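Understanding the architecture of this molecule
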Amino acid sequence: MGVPNDDVVLIQKGKRPGEPHVITVNCPDKTGLGCDICRIILDFGLYITKGVSFYFNQLSTRPTCSPVYLLKLFCLDRKGLLHDVTQVLCELELSIQRVKVTTTPDGRVLDLFFITDNRELLHTKKRQDETCEQLHAVLGESCISCELQLAGPECDCHQGVSSLSPVVAEELFRFELSDKETRLQALSPDMTKLKKANVVVDNSLSPAHTLLQIHCVDHKGLLYDIMRTLKDCNMKISYGRFSPNSQGYRDLDLFIQQKDGKKIVDPEKQSAICSRLKMEMLHPLRVIIANRGPDTELLVANPVELCGKGRPRVFYDVTLALKVLGICVFSAEIGRYSTSEREWEIYRFLLDENCKFQLSSMVAREQIVDRVRRALMGW
């Protein structure tokens, strides 16, 4: 999960119904620890209301990579099938690393899920049987067969996606989005409020740390987006205060240092960090609909951390949004795509034309993109 095995994690329930739980983590420190913890919390579909972090200068060990397993599902196709499978895997604490979904002409679906086990128990027959039994229980008679086995070394979980057209790649990966790209990605008026994100650098309040004061619109995974950005910039967070959500906005005070333990005094470096943070808070994910030959394709992209890890629960949120909209997925895949600036995780869904939406209509496409984005942002 990204945290050493000798850590102590305590969970204290709220005193009254509706009050948030308090999670206390006591573990060796490392650059990017806050990002790793936020990723785990996001992976469980939890929401951080407020938090405080402390820094202790101790060494930590690098976690080992979990083995990858291949889950093969052969099913009769139906609406919501892909999300129902995804939900079972999430409830079992199985992380989806890559997926390949194919629909046959006779209305059957072959799903290939490359998964890892957060409990590290998938090598046992009991855990494998539990997984298949849960899937059979949810899918019912539509499930024809379910097989689970250790993936071979030839199965690269970070496989590149099939070719993207230059037009689609430019729209997805442009660092700064112009008003034209904003419209293409169907940002409704309330979503453009994210442009009001403000980041201020202050070196006057601490002799040893640089203070980042952040004011921005709240969204699901906001703290993760901020922490992963600072982690990728090789910044250490020594202390932080995260205010509760107030009318849809968040205020954060983060005391940070460079990896060498010094403050950030270079104006160009300060400006670069502020610009990067604003961009990651404005567009942590990219969502568009494009034509892929005669078919309609939904594409979702998110930045990959420098350590190689992608954003949690993207596949879950997208498939849930499509299920709610009543749109079936003809085929789906997850892969990686590298640009000159960074690596991206790409989710590609070929949408079934037999739905209530006229997929060739620009209005319908904007509605679908808007609904998917809201699911991803928690709005």
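Residues numbered from 1 in each chain as written. Predicted model: local features only at pLDDT ≥ 70, side-chain atom pairs only at ≥ 80, totals over all residues. Heavy atoms only, no water.

For the rest of this paragraph, the subject is the overall build of the protein. From N to C terminus, the protein includes nine helices and 15 strands. In the protein, which comprises 379 residues, the share counted as buried stands at 49%. Looking at the protein alone, contacts between residues at least 24 apart form 71% of all its contacts between residues at least 6 apart. When the accessible area of the protein is evaluated, it comes to approximately 18,800 Å², of which 53% is carbon and sulfur surface. (Helix = DSSP H or I, 4+ residues; strand = E, 2+ residues; numbered from the N terminus. Buried < 20%, exposed > 50% of the residue type's maximum accessible area, 1.4 Å probe, protein only. Contact = heavy atoms within 4.5 Å. Areas by Shrake-Rupley, 256 points an atom, 1.4 Å probe, with all protein chains shown as cover.)

On to the pattern of salt bridges, then. Between side chains of opposite charge, pairing is possible as soon as their charged atoms come close. Under the defined criterion, the tally for this structure stands at 25 salt bridges. Arg250 serves as the salt-bridge partner of Asp218, at 3.6 Å between the closest nitrogen and oxygen. Of this pair, Asp218 sits in the loop between β9 (210–217) and α6 (222–232) while Arg250 sits in strand β11 (residues 249–258), and the two are 32 residues apart along the sequence. Across the pair, exposure class does not vary: Asp218 and Arg250 are buried alike. Taking the shortest distance from any N to any O, the salt bridge between Arg276 and Glu280 comes out at 3.1 Å. (Salt bridge = Lys/Arg side-chain N within 4 Å of Asp/Glu carboxyl O.)

So, about the environment of Lys125. Inspection of the secondary structure assignment puts Lys125 in helix α3 (residues 125–139). Using a relative accessible area of 61% as the deciding quantity, one classes Lys125 as exposed.

Purely geometric numbers; function is a separate question.
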